[in-house]
Amino acid sequence: MLLEIQNLNAGFHTEEGFSSVLHDVSLSLDQGETVALVGESGSGKSVTALSVLQLLAKDSFSSDGEVLFGNENLLVKDERDLEHIRGNDIAMIFQEPMTSLNPVYSVGHQLMEPLKIHQQMTDEEARKQAIYLLDRTGIPAPETRMDSFPHQLSGGQRQRVMISMALACRPKLLIADEPTTALDVTIQAQILELLQELQREFNMAVLLITHDLNMVQKIADRVFIMHQGHIVEKGLTHDIFSSPKDPYTIKLMDSVPKGEPPQKKESRPLLTIDNLHCHFSIKKGFFRRKVGEIRAVDDASLTIREGTTYGIVGESGSGKSTLGLCILRLVSCHGNITYNGKDLLKKSKGEMRSLRRDLQVVFQDPFSSLSPRLTIFQIISEGLRVHHIGNTKEERRRIVEEKLFEVGLTAEMADRYPHEFSGGQRQRIAIARAIALSPKFIILDEPTSALDMTIQAQIIDLLRNLQEKYQITYLFISHDLRVIKALADEIAVMKNGRIVEKGKAHEVFSNPSHEYTQQLFQAAF
Amino acid sequence: MVRTTNSMLRRRWRKFKTNRRGYWSLIIFSILFTLSLGSELISNDKPVFVYYEGSFYFPILNSYPETTFGGDFETETDYRDPYILEKIISNGNKAFFPPNPHSYSSINPNLDVPVPSPPTKYNFFGTDDRGRDVLARLIYGFRLSILFGLALTTVGTLLGILAGSIQGYLGGRTDLFFQRFIEIWSAMPELYLLIIFASIFKPSALLLLVLLSMFGWMGLSDYVRAEFLKSRNLDYVKAAKALGVGDITIMFRHLLPNGMTPVITFLPFRMSGAILALTSLDFLGLGVPPPSPSLGELLAQGKSNIDAWWLSLSTFIVLVGTLILLIFIGEALRETFDPRKV
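Please explain the overall build of chain A as it appears in this structure.
Of the regular secondary structure elements, chain A holds 20 helices and 20 strands. Computed over its C-alpha atoms, the radius of gyration of chain A comes to 26 Å, within 12% of the 24 Å expected for a compact globule of 525 residues. Principal-axis analysis of the C-alpha atoms places the extent of chain A at approximately 70 × 55 × 50 Å. Taking all 525 residues of chain A together, 42% fall into the buried category. Once local pairs closer than 6 in sequence are excluded, the contacts in chain A between residues at least 24 apart make up 69%.

Sorry, what's going on with the overall build of chain B here?
Helix and strand content of chain B: 14 helices and three strands. The C-alpha radius of gyration computed for chain B amounts to 26 Å, which surpasses the reference 20 Å derived for 342 residues by more than 25%, pointing to a less compact arrangement than a globule. Going through the 342 residues of chain B one by one, you find that 37% of them count as buried. Restricting the contact set of chain B to residue pairs at least 6 apart, pairs at least 24 apart contribute 64%.

Any chance you could explain the sheet that holds strand β13 (residues 309–314) of chain A here in plain terms?
Strands pair in a sheet through their backbones, by hydrogen bonds, and they do so in one of two ways: parallel or antiparallel. All names here are of chain A. The sheet built from six strands is open, its strands ordered β16-β17-β18-β13-β19-β20 with mixed pairing. The open sheet has two free edges, formed respectively by β16 (359–362) and β20 (498–504), since each of these has just one partner strand. Each strand of the sheet is rotated relative to its neighbour by a mean of 15°, with strand direction disregarded. With five bridges joining them, β13 and strand β18 (residues 473–478) adopt parallel strand pairing. In the strand pairing of β18, Tyr310 is matched with Leu475. Those strands touched by helix α16 (residues 423–435) are β16 and β17 (441–445), and its axis lies near 175° from that of β16.

Would you mind showing me how to read the interface of chain A and chain B here?
Between chain A and chain B, the contact holds 22 residues from the first and 19 residues from the second. A total of three residues in the side of chain A that touches chain B trace back to one element, the largest contributor, which is helix α14 (residues 376–386) of chain A. Residues of the side of chain A that touches chain B, tallied by class, amount to eight nonpolar, six polar and eight charged.

I tried to follow unusual backbone geometry on my own but got confused; where do I start?
What is expected of a backbone is that most residues other than glycine have negative phi and most peptide bonds are trans. Here the bond from B:Pro290 into B:Pro291 is cis, since omega is 0°, no more than 30 degrees from zero. Here B:Pro291 lies in the loop between α12 (261–284) and α13 (295–304). At A:Asn7, a residue that is not glycine, the phi angle is positive and equals roughly 45°. Backbone geometry places A:Asp299, a non-glycine residue, at a positive phi of 55°. Tracing the backbone shows A:Asp299 in strand β12 (residues 289–305).

Got a minute to help me understand the nonpolar core in this structure?
Generally speaking, nonpolar side chains in soluble globular proteins are found buried as a group. Counting residues in each nonpolar core, the largest one holds 92 residues, and the members touching the most others are A:Val361, A:Leu475 and A:Phe476. Other than its neighbours up to four places away in sequence, A:Val361 contacts A:Leu328, A:Ala434, A:Ile442, A:Ile443, A:Asp445, B:Ala239 and B:Ala242. With 67 residues, the next largest nonpolar core counts A:Val21, A:Met112, A:Ala166 and A:Met226 among its residues.

Please explain the sheet that holds strand β3 (residues 94–96) of chain B as it appears in this structure.
All names here are of chain B. Read across the sheet, three strands follow the order β2-β1-β3 without closing on themselves; strand pairing throughout is antiparallel. With partners counted over all chains shown, the strands left at the sheet margins are β2 (55–57) and β3, one partner each. Averaged over all neighbouring strand pairs, the angle between strand axes comes to 15°, with direction disregarded. Relative to β2, strand β1 (residues 49–52) runs antiparallel, the two being bridged by three bridges.

Just to check I follow, could you spell out the confidence of the model for chain B for this structure?
Any residue range with low pLDDT should be treated as having predicted coordinates unsuitable for detailed reading. Across chain B, pLDDT averages 85, with 97% of residues at or above 70. The ipTM value of the predicted complex is 0.74, and its pTM value is 0.76.

Mind showing me how you'd approach the packing of helix α5 (residues 134–170) of chain B against helix α6 (residues 172–185) of chain B here?
Residue and element names in this part refer to chain B. Here α5 crosses α6 at 140°, and the two axes come no closer than 7 Å. By the angle class used here, α5 and α6 are oblique. Listed contacts from α6 to Ala163, Ile166, Gln167 and Leu170 of α5 are Gly172, Thr174, Asp175, Phe178 and Gln179. Along the lines of polarity and charge, the residues of the contact of α5 with α6 split into four nonpolar, four polar and one charged.

Teacher, can you tell me more about the pairing of strand β3 (residues 34–39) of chain A here?
All names here are of chain A. When you tally the buried positions in β3, you get six out of six residues, the bulk of the element. Here β3 shows no split at all, with Thr34, Ala36 and Val38 on one side and Val35, Leu37 and Gly39 on the other all buried. One ladder, built from five bridges, connects β3 with strand β8 (residues 205–210); its direction is parallel. Bridge pairing in β8 links Ala36 to Leu208. For β3 and strand β9 (residues 222–227), the ladder comprises five bridges, and the chain directions are parallel. Bridging across to β9, Ala36 finds its partner in Val223.

Where do I start with the environment of B:Pro65 in this structure?
All names here are of chain B. Within the secondary structure, Pro65 sits in the loop between β2 and α4 (82–89). C-beta crowding within 10 Å serves as the criterion here: with 12 such atoms nearby, Pro65 is assigned to the exposed category. Between the C-alpha atoms of Pro65 and Thr77, which are 12 residues apart in sequence, the distance is 5.3 Å. In contact with Pro65, other than residues within four places in its own chain, are Glu74, Thr75, Glu76 and Thr77.

Help me out: how do you make sense of the packing of helix α2 (residues 20–37) of chain B against α5(B) in this one?
A pair of packed helices is captured by two measures, namely the crossing angle of their axes and the spacing between those axes. Residues and elements named next belong to chain B. Closest axis-to-axis distance for the α2/α5 pair is 9 Å, and the angle between their directions is 110°. When the axes of α2 and α5 are compared, the pair comes out roughly perpendicular. The way α2 lies across α5 gives a crossing that is left-handed. Within the contact between the two elements, α2 uses Phe33, Ser36 and Leu37 and α5 uses Ile139, Phe142, Arg143 and Ile146. Across the contact of α2 with α5, the residue classes tally to five nonpolar, one polar and one charged.

When you look at the environment of B:Ser186 in this model, what are you seeing that I'm missing?
Residues and elements named next belong to chain B. Mapped onto the secondary structure, Ser186 falls in the loop between α6 and α7 (190–200). In this structure Ser186 comes out as exposed when scored by C-beta crowding, with 12 C-beta atoms within 10 Å. C-alpha of Ser186 to C-alpha of Leu147: the two residues are 39 residues apart in sequence and 25 Å apart in space.

What is the right way to read the environment of B:Tyr140 from this model?
Take B:Tyr140: it is sitting in helix α5. The contacts of B:Tyr140, once residues within four sequence positions are left out, are B:Ser39, B:Tyr104 and B:Pro293.

Thresholds applied
Residues numbered from 1 in each chain as written. Chains lettered and ligands numbered in written order. Predicted model: local features only at pLDDT ≥ 70, side-chain atom pairs only at ≥ 80, totals over all residues. Helix = DSSP H or I, 4+ residues; strand = E, 2+ residues; numbered from the N terminus. Rg over C-alpha atoms; globule rule 2.2 N^0.38 Å. Buried ≥ 20, exposed ≤ 12 C-beta atoms within 10 Å, placed from the backbone. Contact = placed C-beta atoms within 7 Å. Pairing = 2+ DSSP bridges. Axes fitted to C-alpha atoms, helices over the stretch in contact; angles between N-to-C directions. Nonpolar A, V, L, I, M, F, W, Y, C, P; charged D, E, K, R; others polar. Core = buried A, V, L, I, M, F, W, Y, C linked by C-beta atoms within 7 Å. pLDDT = per-residue confidence, 0-100. Parallel < 35°, antiparallel > 145°, perpendicular 65-115°, else oblique. Left-handed = near helix turned anticlockwise from the far one by under 90°.

Below you can see the structure in the form of structure tokens.
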């Protein structure tokens, strides 16, 4: 066994006492193996990874148990010995490439650092090796890239740089903490391929920490499922996926978005977009002259029918969120947006206000979409006050409690504050806020992307039920193709502001005609 | 059914209390300030009440002519006149004097040493260069400083919030022009203007207040502006706009409460700055006109009468003590609002 974690118990000392995070965690990894540690946020998987290399602050973190690497217990080693192991025998790559690379040092400088420290190379040797590594990980024009800074590279490129840094000294074990979560779907596929190639070449073991079951099924040999600091199930990938035994594992497998939306009969178009453009000008120089423009939305046209869910799919930067904001008139655009026969872009602010009752929105980040200083009652009833629904406080209170009940929360939560709720609960509150006005059209901008899979499944069910009950039309914006597949009746695929393909969901999914769509589907499914 | 709200305010208050030094400083400061508000009852040359020949008199509230107490003239009673004094404390009559029987402008005529005179039992901290009781002047001066500090801080904060919120929320051209205006305005020489104005208008605390508040708001407006610029792009503001909430309501209900952190953290420091400003101006003779009691004026006297150590020492203790209390409160506030610890 290359790495053996035995009975690891660990926790943090906080102001309120000792908070136990890991309970009797045991894990093993053999040379050349890929092991996945799967769990939702808060399960303790990152803490497990960080404690292998003693990367957590000693003054607040304490651990008990053994981490055997080779035959030596890493937990009892002092800093000097650990420095020899870190980066050399065990390497780590992290989730967020922007914060893992030092923004003030060039890429080359950071890449040469482990080479010079661990392998005592001279500057010249290190530079040559660094260029080789950049080339090996697929960075184009590596010689010029050596002098670039992290902010000049894209997310995918930064992750490749991170991988080069990690592999510079040919480690025996690579710990990858959610290496592709922050990346687009197509880039994810490329990075995973790269990891697999390098693993074979270096005969390296990989401890992959993730919550993405799809990825696990594709590349892991064995799986450990973690829940609230305990390892609840372990085994070969094939066995776990075909016959999970632990109730939590079963729940997790169940949460993968599945199914298709029920067939709905043809209804009239509710919202039509024709030739929508949203351009941001780039102004330079002393007189701020326009030198170019960014076409966030470039000639978009689509029709959304009443009572259906229209899915907009695209990677980051494709313009899908901007499209939603244009409809809500929160950014300026030109073209034609017709809602219920009325041209939205021609409406004045006052006229728009009464229309806003029908057009609501749910945002992606549950933590920043609720005002932290207002109670839940105040947040949900804000819209009621603006549109004069409910004339007395008691009436508004009644409506708020009704809506809370609809989204699966309880009435007594109305007097609490957002910080007291979890991400999933906050998203439900955001949905309650949106339906408080009984809208006909809701724009959902990546509502489940920031949530765990089990919570995501619940929110998707809630949305489905609400749509069936009230015949609400949804515009569902997401980059997660599986969620779109489970919810959307019609979809549009966006790339660089343009709609490259659109049509009925099951038609597009079974027969994608545009090259980009095919690429996208291949990477995701 | 009453629910204990877990509101932000309550949480912050609990957190503030955990900083014992700041908490006790706040308590001490509040007690001292409240006491100083009743300075007339603590240090005055008139008795609080007099029981004379069967009736009660309240000299602090009403003015009584000398004849009320058996004197000869119709003028305002001088309660320290030995003739009157004897009348009101003998024959079953009672007079209750405040603990320190001096007002800030009452001169002690019975000194046998030249003024400024050192501390005695009668004048607890001695007298200043005009024979006035130092302790009385300290108490009244402390009150004036705090009240001035509060007023200046309030006005400055309100102006700062107003300016900052408009700039931050509207952005664009408004922000640009406002910023340029602030740059020019902050280049104005406050002290010179003060001297010029003092020679044109009759100097008073109000004039000082107006003048200092014209130039004191700019630092705060920058912080509020930054908070607004940052927060207006957050999702909950977009959600409020999507609901149809008006701009001003958004500013007041969403942005302002969340942007108050720099305002509150700076309050005690602004106050100590205001107190120091007043003290410095008084020291230079450009502040409140005589015979108003002021700490700065005592310091100036202390400077010209170096041997009279009681002048400088007592004022120093009061001034530094006040500032230390404010600084401890400020530190505790800063800890309370530290975003990393919430």
